[in-house]
Amino acid sequence: MTISEEHPAPPPDYSQMFERLIGEIERHPGVEADSEVRGAEQAVLDGAGQAVERHADALVDLSHDIHDHPELAYEETYAADAVSTFLTERGHETTPGAYGLDTAVHVRAGEGHPRVAFLAEYDALPGIGHACGHNVICTTAVGGFLAAATQLGTTGGSVELIGTPAEEGGGGKEAIARAGGFDDVDAVVMLHPFFADVAEHPFIGVRTVVATFTGINAHAAALPFLGRNALDAAVQAYTGIAQLRQHMLPTDRVHGVFTDGGAKPNIVPDRAEVEFYVRSAEPATLQELCTRVDAIFQGAAIQAGCSVEVTWDRTPVYMPTRLNGPLSQRYAVHATARGRRVLPGGVIPEALTGSTDLGNVSVRVPSIHALLDIAPFGVSLHTPEFAAFARSETGDAGVTDGAYALAGTALDYLSDADLRAAVDEDFAAGGGVVDVEALYP
Ligand SMILES: [Zn+2]
Ligand SMILES: [Zn+2]
């Protein structure tokens, strides 16, 4: 037997490490469900809670319906229609096809400010359907919006439901932002299903890049000195990025594939291409990392005597999320009131993360992106197993609990000027508004 026949060997047994982590998570008492501000009056929260209960069965049906009709990014016609119909039937005027996007939806209740937007994602994944549980995201937002809307007579202000297409690649929220969808919004609330309740878990930014190297064809045996090898350039780029990895931040990620490596061994390739995703946790570090990756592409091309065309952001940049602390604390208060144990940031290792286009909203408007427990610990997003939990008893309980917690958070914001001041202070301390369009035109 050759060594290669024994490979790929299964990864080593990490169960001890996971058990230690699970132990820490299981023993953790959860966050102190309290914050320095008082939030909404109890009667307002009770009223919202009753509204969630009234709509609970219908919300769960909507969650199942969307789960049963998975649609890819920007193709979510069924889900967008279902959301519009659901809210129209409950007395709200909806605008389908808002922001120039066929599968976006906009609904507003109340007038004037303060104004909170609930974001509803509803796209699914190829082959594995709602394995990211966006049916739960959608219905918690719809339920939260409906419940909060019933209390505007007391709190004043307004709430919006924005159906945001294409989170799984496509960056629908960036498109909505560029169409002005968040210009008149003061705060944004949403959540994402997960295998634990966490009020604040960071998501890192990501940019995509394609480097196309151009060389000169030649007969690889007879006249190789006439050729300039584009594949060599691509290999140099791949190796250069592998070397970069030792010298980047521990939370940075760069990962790529060869998408073109030439046609035939006896032809020196005149074209080769690589595609990479570049991720980092802060807007500034993301920019810096991208500059270094770009320089590697240029250097690799020079080394092989080739030219290179570097194309960034064929799909929109996903900015790192900047989660609003005071608003996340209020979410934790309301999720705890539903009997949930909400973990503080850092108990789930921050490296266990991905990227979301909520990041693009969060650097424009104070935002939360809470994680909602609907699955046993360790069941990963983007697996068939997680898809099953998104349409299970725990997924359904998440729909009503999540709707309640989002509504409570929004109503706190509308009710409490001290909270709004704390939210704004936290947002400013995090760097204030980032002009994403200017950074990444
Ligand atoms: Zn996902
Ligand atoms: Zn997702």
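Residues numbered from 1 in each chain as written. Chains lettered and ligands numbered in written order. Predicted model: local features only at pLDDT ≥ 70, side-chain atom pairs only at ≥ 80, totals over all residues. Heavy atoms only, no water.

Chemist: How should the coordination of the zinc ion (ligand 2) be read in this particular structure?
Modeler: Between any two of four tetrahedral donors, the ideal angle at the metal is 109.5 degrees; between two of six octahedral donors, it is 90 or 180 degrees. Around the zinc ion (ligand 2), the protein supplies C132 (SG), H134 (NE2) and H192 (NE2) as donor atoms, at distances of 2.1 to 2.3 Å. Each donor residue of the zinc ion (ligand 2) belongs to the same chain, and together they define the spacing C-x1-H-x57-H. In this model, the zinc ion (ligand 2) sits 3.1 Å from the zinc ion (ligand 1), the two metals being bridged by C132. Residue C132 is found in the loop between β3 (115–121) and α4 (134–149), and its partner H192 is found in strand β5 (residues 187–194); the two are separated by 60 residues along the sequence. Take C132 and H192: they sit in the same class, and that class is buried. (Donors = N, O, S within 2.8 Å, 3.2 Å for Na, K, Ca; no water. Helix = DSSP H or I, 4+ residues; strand = E, 2+ residues; numbered from the N terminus. Buried < 20%, exposed > 50% of the residue type's maximum accessible area, 1.4 Å probe, protein only.)

Chemist: Sorry, what's going on with the pairing of strand β2 (residues 105–110) here?
Modeler: It is a general feature of regular strands that their side chains alternate between the two faces of the sheet. Bridge count for strand β1 (residues 94–96) against β2 is three bridges, and the pairing is antiparallel. Each residue of the ladder has a partner; that of T94, found in β2, is V107. With six bridges joining them, β2 and strand β4 (residues 158–164) adopt antiparallel strand pairing. When the sheet's bridge partners are listed, G110 is paired in β4 with S158. (Pairing = 2+ DSSP bridges.)

Chemist: Could you clarify how one ought to interpret the domain arrangement of the protein in this entry?
Modeler: Interface size is commonly expressed as the accessible area that is lost once the parts come together. For the protein, the domain assignment lists domain 1 (24–203 + 321–439) and domain 2 (205–312). On a C-alpha basis, the centres of domain 1 and domain 2 stand 38 Å from each other. Counting from both sides, the interface comprises five residues of domain 1 and, opposite them, five residues of domain 2. At the boundary of domain 1 with domain 2, total buried surface from both sides reaches about 440 Å², with 52% on carbon and sulfur atoms. Scanning the region where domain 1 abuts domain 2 turns up zero salt bridges. The tally of links between domain 1 and domain 2 comes to one residue pair in polar contact (both at pLDDT 80 or more). Looking at the side of domain 1 that touches domain 2 residue by residue, the classes come out as three nonpolar, two polar and no charged. (Domains from an automatic or database assignment. Contact = heavy atoms within 4.5 Å. Buried area = accessible area lost by both parts, 1.4 Å probe. Salt bridge = Lys/Arg side-chain N within 4 Å of Asp/Glu carboxyl O. Polar contact = N/O pair within 3.5 Å; in protein donor to acceptor, adjacent residues only side chain to side chain. Nonpolar A, V, L, I, M, F, W, Y, C, P; charged D, E, K, R; others polar.)

Chemist: Please clarify how the pattern of salt bridges should be interpreted in this entry.
Modeler: The full count for this structure, using the stated rule, is 19 salt bridges. The salt bridge involving E121 is made with K173; its shortest N-O contact spans 2.7 Å. Within this pair, whereas E121 is found in strand β3, its partner K173 is found in helix α6 (residues 172–178), the two being separated by 52 residues in sequence. You'll find E121 and K173 in the same group, each marked buried. The partner of R271 in a salt bridge is E273, with the nearest N and O atoms 2.9 Å apart. Among the residues examined, E273 registers a relative accessible area of 11% and is labelled buried. Through salt bridges with shared partners, a single network forms among E53, D197, R338, R340 and D401.

Chemist: How should I be thinking about the pairing of β5 in this particular structure?
Modeler: For β5, the buried fraction is high: eight of the eight residues fall into the buried class. Residue alternation in β5 divides its side chains into two sets, A187, V189, L191 and P193 and V188, M190, H192 and F194, and both sets are buried. One ladder, built from three bridges, connects β3 with β5; its direction is parallel. Looking at the pairing, V116 lines up with A187 of β5. In this structure, β5 lies alongside strand β12 (residues 367–373), joined through seven bridges in parallel fashion. Residue pairing for β12: L191 is matched across the bridge by A370.

Chemist: Just to check I follow, could you spell out the coordination of the zinc ion (ligand 1) for this structure?
Modeler: Taken together, C132 (SG), E168 (OE) and H382 (NE2) make up the full set of protein donors to the zinc ion (ligand 1), lying 2.0 to 2.2 Å away. Written as a sequence motif, the donor arrangement for the zinc ion (ligand 1) is C-x35-E-x213-H. Exposure remark for E168: the relative accessible area of 22% places this residue in the partly exposed category.

Chemist: It is not clear to me how the packing of helix α3 (residues 77–89) against α4 should be interpreted in this structure. Could you clarify?
Modeler: Two packed helices can be described by the angle between their axes and the distance between those axes. Following both chains from N to C, one finds α3 and α4 inclined at 20°, their axes separated by 12 Å at the closest point. Taken together, the axes of α3 and α4 are roughly parallel relative to one another. As for the relative orientation of α3 and α4, their crossing is right-handed in sense. Of the residues in α4, those in contact with V83, F86 and L87 of α3 are C138, V142, F145 and L146. In terms of residue class, the contact of α3 with α4 is made up of seven nonpolar, no polar and no charged. (Axes fitted to C-alpha atoms, helices over the stretch in contact; angles between N-to-C directions. Parallel < 35°, antiparallel > 145°, perpendicular 65-115°, else oblique. Left-handed = near helix turned anticlockwise from the far one by under 90°.)

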